[in-house]
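These are the residues of each chain, in order.
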Amino acid sequence: MTKKEEPPPSRVPRAVRVASLLSEGEELSGDDRGDEEEDDHAYEGVPNGGWHTSSLSLSLPSTIAAPHPMDGPPGGSTPITPVIKAGWLDKNPPQGSYIYQKRWVRLDTDHLRYFDSNKDAYSKRFISVACISHVAAIGDQKFEVITNNRTFAFRAESDVERKEWMQALQQAMAEQRARARLSSAYLLGVPGSEQPDRAGSLELRGFKNKLYVAVVGDKVQLYKNLEEYHLGIGITFIDMSVGNVKEVDRRSFDLTTPYRIFSFSADSELEKEQWLEAMQGAIAEALSTSEVAERIWAAAPNRFCADCGAPQPDWASINLCVVICKRCAGEHRGLGAGVSKVRSLKMDRKVWTETLIELFLQLGNGAGNRFWAANVPPSEALQPSSSPSTRRCHLEAKYREGKYRRYHPLFGNQEELDKALCAAVTTTDLAETQALLGCGAGINCFSGDPEAPTPLALAEQAGQTLQMEFLRNNRTTEVPRLDSMKPLEKHYSVVLPTVSHSGFLYKTASAGKLLQDRRAREEFSRRWCVLGDGVLSYFENERAVTPNGEIRASEIVCLAVPPPDTHGFEHTFEVYTEGERLYLFGLESAEQAHEWVKCIAKAFVPPLAEDLLARDFERLGRLPYKAGLSLQRAQEGWFSLSGSELRAVFPDGPCEEPLQLRKLQELSIQGDSENQVLVLVERRRTLYIQGERRLDFMGWLGAIQKAAASMGDTLSEQQLGDSDIPVIVYRCVDYITQCGLTSEGIYRKCGQTSKTQRLLESLRQDARSVHLKEGEQHVDDVSSALKRFLRDLPDGLFTRAQRLTWLEASEIEDEEEKVSRYRELLVRLPPVNRATVKALISHLYCVQCFSDTNQMNVHNLAIVFGPTLFQTDGQDYKAGRVVEDLINHYVVVFSVDEEELRKQREEITAIVKMRVAGTASGTQHAGDFICTVYLEEKKAETEQHIKIPASMTAEELTLEILDRRNVGIREKDYWTCFEVNEREEAERPLHFAEKVLPILHGLGTDSHLVVKKHQAMEAMLLYLASRVGDTKHGMMKFREDRSLLGLGLPSGGFHDRYFILNSSCLRLYKEVRSHRPEKEWPVKSLKVYLGVKKKLRPPTCWGFTVVHETEKHEKQQWYLCCDTQMELREWFATFLFVQHDGLVWPSEPSRVSRAVPEVRLGSVSLIPLRGSENEMRRSVAAFTADPLSLLRNV
Ligand SMILES: [Zn+2]
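Basis of the calculations
Residues numbered from 1 in each chain as written. Predicted model: local features only at pLDDT ≥ 70, side-chain atom pairs only at ≥ 80, totals over all residues. Heavy atoms only, no water. Helix = DSSP H or I, 4+ residues; strand = E, 2+ residues; numbered from the N terminus. Buried < 20%, exposed > 50% of the residue type's maximum accessible area, 1.4 Å probe, protein only. Contact = heavy atoms within 4.5 Å. Areas by Shrake-Rupley, 256 points an atom, 1.4 Å probe, with all protein chains shown as cover. Salt bridge = Lys/Arg side-chain N within 4 Å of Asp/Glu carboxyl O. pLDDT = per-residue confidence, 0-100. Donors = N, O, S within 2.8 Å, 3.2 Å for Na, K, Ca; no water. Pairing = 2+ DSSP bridges. Axes fitted to C-alpha atoms, helices over the stretch in contact; angles between N-to-C directions. Core = buried A, V, L, I, M, F, W, Y, C linked by side-chain atoms within 4.5 Å. Polar contact = N/O pair within 3.5 Å; in protein donor to acceptor, adjacent residues only side chain to side chain. Parallel < 35°, antiparallel > 145°, perpendicular 65-115°, else oblique. Left-handed = near helix turned anticlockwise from the far one by under 90°. Nonpolar A, V, L, I, M, F, W, Y, C, P; charged D, E, K, R; others polar. Disulfide = S-S within 2.5 Å. Expected span 1.5 Å × (residues − 1). Arc of directions from axis to C-beta. Phe/Tyr/Trp six-rings, centres within 6.5 Å; stacked < 30°, edge-to-face > 60°. Lys NZ or Arg CZ within 6 Å of the ring centre and 35° of its normal.

What follows concerns the overall build of the protein. A count of helical and extended segments in the protein gives 36 helices and 45 strands. Counting every position in the protein, which comprises 1194 residues, the buried fraction comes to 56%. Long-range pairs, those at least 24 residues apart, make up 62% of the contacts in the protein between residues at least 6 apart in sequence. Of the accessible surface of the protein, which amounts to about 50600 Å², a share of 50% is contributed by carbon and sulfur atoms.

Time to look at the pattern of salt bridges. Enumeration according to the criterion identifies 60 salt bridges in this entry. For Arg764, the salt bridge is made with Asp792, and the minimal N-O distance between the two is 4.0 Å. In this pair, Arg764 is assigned in helix α20 (residues 753-766) and Asp792 in helix α21 (residues 779-792), connecting sequence segments 28 residues apart. The partner of Glu824 in a salt bridge is Arg821, and the shortest N-O contact between them spans 2.9 Å. Of this pair, Glu824 and Arg821 are both found in helix α23 (residues 815-828), 3 residues apart, which corresponds to roughly one turn of the helix. Using a relative accessible area of 22% as the deciding quantity, one classes Arg821 as partly exposed. Taken together, the salt bridges that share partners define one network made up of Arg333, Glu578, Arg622, Glu636, Arg693 and Asp696.

Further remarks concern the confidence of the model for the protein. The pLDDT averaged across the protein works out to 78; a share of 80% of its residues lies at or above 70. Confidence over residues 182-193 falls short of pLDDT 50; this stretch has 31 contacts with residues more than four positions distant or in other chains. Overall, residues 484-494 carries pLDDT values under 50, and its contacts beyond four positions in sequence, including any with other chains, amount to 25 contacts.

So, on to the coordination of the zinc ion. For the zinc ion, the full set of protein donor atoms is Cys305 (SG), Cys308 (SG), Cys325 (SG) and Cys328 (SG), and the range of their distances to it is 2.2 to 2.4 Å. Between the donor residues of the zinc ion, the gaps in sequence give the motif C-x2-C-x16-C-x2-C. Its relative accessible area of 5% is what places Cys305 among the buried residues.

Sheet strands pair by backbone hydrogen bonding; their relative direction is either parallel or antiparallel. Pairing in this open sheet of 7 strands is antiparallel, and the strands run β12-β10-β9-β8-β15-β14-β13 from one edge to the other. Of all strands in the sheet, those bounded by a partner on one side alone are β12 (236-239) and β13 (244-247). Each neighbouring strand pair of the sheet contributes to a mean axis angle of 35°, computed without reference to strand direction. Relative to strand β9 (residues 211-216), strand β8 (residues 198-204) is paired through 5 bridges, and the arrangement is antiparallel.

Once that is clear, we can look at the nonpolar core. One recurring pattern in soluble globular proteins: nonpolar side chains tend to sit buried together. One finds Tyr747, Phe798, Trp806, Val837, Phe865, Leu869 and Leu886 to be the most contacted residues of the largest nonpolar core, which totals 68 residues. The contacts of Phe798, once residues within four sequence positions are left out, are Arg803, Trp806, Leu829, Val837, Leu869, Phe870 and Leu886. Formed by 36 residues, the second largest nonpolar core is a distinct cluster that contains Val323, Trp352, Ala420 and Leu437.

This part is about the side chain of Gln467. Within the secondary structure layout, Gln467 lies in helix α16 (residues 465-473). A distance of 3.1 Å separates a polar side-chain atom of Gln467 from the backbone oxygen of Ala424.

For the rest of this paragraph, the subject is the environment of Trp528. With respect to the helices and strands, Trp528 occurs in strand β20 (residues 525-532). Trp528 sits in the partly exposed class, given a relative accessible area of 22%. Taking the C-alpha atoms as reference points, Trp528 and Ala544, separated by 16 residues in sequence, lie 8.6 Å from one another. Sequence-distant contacts of Trp528, defined by excluding residues within four places in its chain, comprise Ser502, Gly503, Phe504, Ser537, Tyr538, Phe539, Asn541 and Glu542.

Here we take up the packing of α20 against α21. One can describe the packing of α20 onto α21 by two numbers: an axis separation of 9 Å at closest approach and a directional angle of 60°. As far as their axial angle goes, α21 and α20 are oblique. You can see that α20 and α21 cross each other, and the crossing is right-handed. In this structure, α20 uses Lys755, Thr756, Leu759, Leu760 and Arg764 to contact α21, whose residues at the interface are Asp781, Val782, Ser784, Ala785, Arg788, Phe789 and Asp792. Looking at side-chain class alone, the contact of α20 with α21 contains 5 nonpolar, 2 polar and 5 charged residues.

Here we come to the state of the cysteines. In this structure the tally under the stated criterion is 0 disulfides. Sulfur of Cys1121: no disulfide; nearest cysteine sulfur belongs to Cys1122 and is 7.3 Å away.

As a packed pair, helix α32 (residues 1017-1026) and helix α33 (residues 1125-1139) sit with axes 9 Å apart at the nearest point and diverge in direction by 70°. One finds that α32 runs roughly perpendicular with respect to α33. Taken together, the residues of α33 that come into contact with α32 (itself represented by Met1017, Ala1019, Met1020, Tyr1023 and Leu1024) are Met1126, Arg1129, Glu1130, Phe1132, Ala1133, Thr1134, Leu1136 and Phe1137. Per-class residue counts for the contact of α32 with α33 are 10 nonpolar, 1 polar and 2 charged.

Here the focus is the environment of Ala809. Inspection of the secondary structure puts Ala809 in helix α22 (residues 800-809). Overall, the relative accessible area of 2% leaves Ala809 in the buried class. Taking the C-alpha atoms as reference points, Ala809 and Leu825, separated by 16 residues in sequence, lie 9.0 Å from one another. When residues no more than four places from it in sequence are discounted, the contact partners of Ala809 are Lys818, Arg821, Tyr822 and Leu825.

Before going further, it helps to spend a moment on the sheet that holds strand β7 (residues 151-155). Spatially, 8 strands are ordered β5-β6-β7-β1-β2-β3-β4-β11 in an open sheet, and the strand pairing comes out antiparallel. In this open sheet, the two strands that pair with only one neighbour each are β5 (132-137) and β11 (233-234). Bridge analysis of strand β6 (residues 142-147) against β7 gives 5 bridges, and the strand direction is antiparallel. Within the sheet, the bridge partner assigned to Lys142 lies in β7 and is Arg155.

Before going further, it helps to spend a moment on α23. Under the 1.5 Å per step criterion, the end-to-end length of α23 is 20 Å for 14 residues, consistent within 8% with the ideal 20 Å. Within the span of α23, buried status applies to Lys818, Val819, Tyr822, Leu825 and Leu826. Taken end-on, α23 shows its buried residues confined to a sector of 120°, consistent with a single buried face. Relative to its buried face, α23 has exposed residues pointing more than 90 degrees away, namely Glu816 and Val827. Looking at the packing, one finds that the buried side of α23 touches α22, α24 (831-849), α27 (878-888) and α28 (890-893).

Our next topic: helix α10 (residues 354-362). Those residues of α10 not exposed but buried are Leu356, Ile357, Leu359 and Phe360. Angularly, the buried residues of α10 cover 155° about the axis, an arc narrow enough to put them on a single face. Of the residues flanking the end of α10, it is Gly364, one or two places downstream, whose phi is positive at about 60°.

Taken as a whole, this structure holds 36 aromatic pairs when the rule is applied. Consider the rings of Tyr114 and Phe154, whose centres lie 6.0 Å apart with planes at 75°: the pair is edge-to-face. Residue Tyr114 is found in strand β3 (residues 111-115), and its partner Phe154 is found in strand β7; the two are separated by 40 residues along the sequence. Of the two residues, Tyr114 and Phe154, both sit in the buried class. Every member of this aromatic cluster is reached through a ring pair, and the members are Tyr122, Phe253, Tyr259, Phe262 and Phe264. One Lys or Arg, Arg198, reaches over the ring of Trp275 and ends 4.9 Å from the middle of that ring. Above the ring of Phe569, the side-chain terminus of Arg521 is found at 4.1 Å from the ring centroid.

Right, let's get into unusual backbone geometry. Negative phi characterises most residues that are not glycine, and trans characterises most peptide bonds. Although it is not a glycine, Asp565 sits at a positive phi angle of roughly 70°. Here Asp565 falls in the partly exposed class, since its relative accessible area comes to 43%. The backbone phi angle of Glu936 is positive, close to 70°, even though this residue is not glycine. Mapped onto the elements of the fold, Glu936 is located in the loop between β33 (930-935) and β34 (943-947). Looking at Glu936, the relative accessible area reads 42%, which means it is partly exposed.

All right, on to the pairing of β20 then. In the sheet, strand β19 (residues 501-507) pairs with β20 via 7 bridges, with the strands oriented antiparallel. When the sheet's bridge partners are listed, Ser502 is paired in β20 with Val530. In textbook terms, the turn of a hairpin is the stretch between consecutive antiparallel strands, and for β20 and strand β21 (residues 535-539) this stretch comprises 2 residues, one of which, Asp533, has a positive phi near 55°.

Quick look at the structure:
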């Protein structure tokens, strides 16, 4: 690269050289004389020039002695920007001196720098290549580097040397210009296009004047002053991949590198904190860069964007296997995940496994473009400076249509393509696989080998891990098609509306994380801001020509409006960008702030989602989501949050009803910390919001959680269940129903004050996440908490306005007239109060049913609840009278119908019976029975958490799950709930009328419930309809497995036996002619599971497992195998028929009418938050000791 590497004669001792590292006298040319003299003297007398070199050179001698630290080989720790040319040059001296100084000069794509020696890490000066306007030869092997207002003169050793330098510089300038022609970097004239994370003045020890310091990306740049910063001429920059910062005292902090310590002092403690934070951010960025990006950049083609050629691309498409720049990445996203799966080299660290990195080294941009860009006409090629629309067109053509690809010779011949793919994946020829897939070979084609039926399986068999990785990443990739429809729903492809606005805004430096603290007024700087042509630019003042920075509307992902007075400015708003930056703006005037928010929103929200702009919002933006049953692919949707309403516009659907966050059944976070998914479950809807971008996701997460919490003290401001009952009331009532109905003096006895208070506090905070458990909460504490909550309601349950009319009504003498007055008054209550009154009275009605045991008859309850509900002192009995009347006339006042009442009774009876049984067997159970039910198959995304009331049947559960996931039931869809026993490898379709709760209690930890279609049901129903009688007999293969005390005693293999099944029992005969049955079981006590575990080596795959529990709770199991599937279905159908008296499947009308269970009194199906799984498991485990004891009692 260079001709002269040897150091110059060391004319000055090293310490002195170090001391003058930043003596700026020399770099100023021409008219800046005053400054330089001053600067030159500024360091005199400061020991060691203020740098802490001595201790460092002691501790790090090897580093100091090493060759130029920035010239190391590629792949080393620091060189990210390749050096174009480096060598010794004479630099013209500062004014007044004629002695040229030898300088080590280095040129890379972005900077021309010179150093005291080739051993120095930090330059004396750097000049942004973007700022060089001209390079000129000036005789005597000299040349000048001319910027807008500075000229730097250098002298080479020879004319050849000078020519080389000038050529290198001119080429770097030309490239820089091409890259930046239309980009902000060029307009700004500042180094790099990146906005500083923080910039401002800082004292640096050893310097008389403050320096202007900018933290940009992974670098800390030092400038003499703000002016030089704008000119792009700086002192040096510090690569933070080797940096470390720590505070020294209140205002000072050290930036330590292996080569130097930079001791800074800020103006205030707060500023010091901010500088530390910004520099730590730069370190984090540098480290993340060096980990993945540098490894991937080790392959030369990967150092430039595969699409536009921009250097240092830090994004990638993991299925196309190309490395791309941020701008191209934005457009790749627009293509959809079916074409390109975009990941960041820096931020999505988890994605980058060793295998994937290796794949990028082997395929990457080289192979990728040899295939995808084999025929790009020059007129259609992209430049780093190409406009977004050009970029979009090019990328559509390149990847969606495959317009420029190299056609495989087998193109068009599907069969041959598939064959070739199956062959290629077993080799190391990844490029061939890429070409075949890109030309239409079927990724899931059948290989013809049952052992390894797919290309992926073949690759695995052949041990080709890279092939496997490539295939996996392309599982859902669409084959490019020239005629492919351009998806209309891609909102980012839609031209954004043009909005113009301008004015002064106060702005803070952008941040890489959420703003937790109040930003003081002093932290904002006044900026002239202009919104126009899809760009928000901010300027030093209204006369400035070049902006300090800009935010593209297409890069804005979220706009948030914090509550007034959150920061030093009364009104603020936050702008989040695709690149995970957060900009905070402030204003005095509410009106102006509102106007800005409106304009910015208009500028980045596409017409598709403009409905969201119709109302005020606290947060607005786009997020990847999954919804409905199509959980395969995340799409990007538009969301707005106002109050507790979350509105969403999905690209492929009609405008959705807003989600009522306070009425959510579940709000939880799934996934690990790097891959979070926010799950929102509303009745009939489940929405998954994915945390693909961290920063704005965290903002949404906090805002949604806050909006889903109770807002205030009135009833309707609480978290609500789906019957409009506050969750807090529901939780308590449900717990008392489950555990306290028979507790003596329930509601009269007081709980412990401290416990009651603590409980009430946590319920008020987030009732949805509170799970009351027997053993942990005493019923009296819970009952007291409920009473306290009702008594403290600011407006009361019956409202201040109407309270008196209720009390007056209690004095009406005529009973009938009084009841109708109550009915009248009830209608006048706000809906939430009305629903709560009903739920509460219904509950008290149940409580008094057990007055024999709990001693709480209607009168006693009225004495307690009258003053509580009416918030009176209890001096007269009017309030008590109302409560008494409401309980006594419960059925009439609340129009409770027979069915509702019957259900309620059934439920209560079941609960009490179960409790008695539980007490008898010494087990306790939790107040809530939460069950995880899967839809179609067991995996995280199909999980549903559902509360199982005692009365719930398998059919109700099935419908509830389908309903919640919005699955329509078609004719001949026999949706059924199955109990799956993983250990036994067997499953049992529950009978539609079977109660779920006892089954749930019997489930072991290796069992689960899944709702899916019963594939054999139609055949079974046909069979049953075609035959007469309810018996079946025939030969089956039989094996016994007696489990006593958990000891499995295997008893040989399968043997032929003759069976007779009739309406009362199943009999087993040794052979057809036997007279006396060998065994006999009552049919109704059998549980029949489809399937036999493989370990037992069943002779056919048409087997079933029969479980029988004896009187002594001895569990016995048999395995039966049929010769054909039809036979199995016939046996199974007959079992169902005799066990359920001929009712095998509900008649269709009943199914339809029950599709939406209207009333489920006392069993409002609230699904508590996740996290209760383990608790449930524990409660289930407690039952498994005696699994079937409950079954008999219910
Ligand atoms: Zn690019």
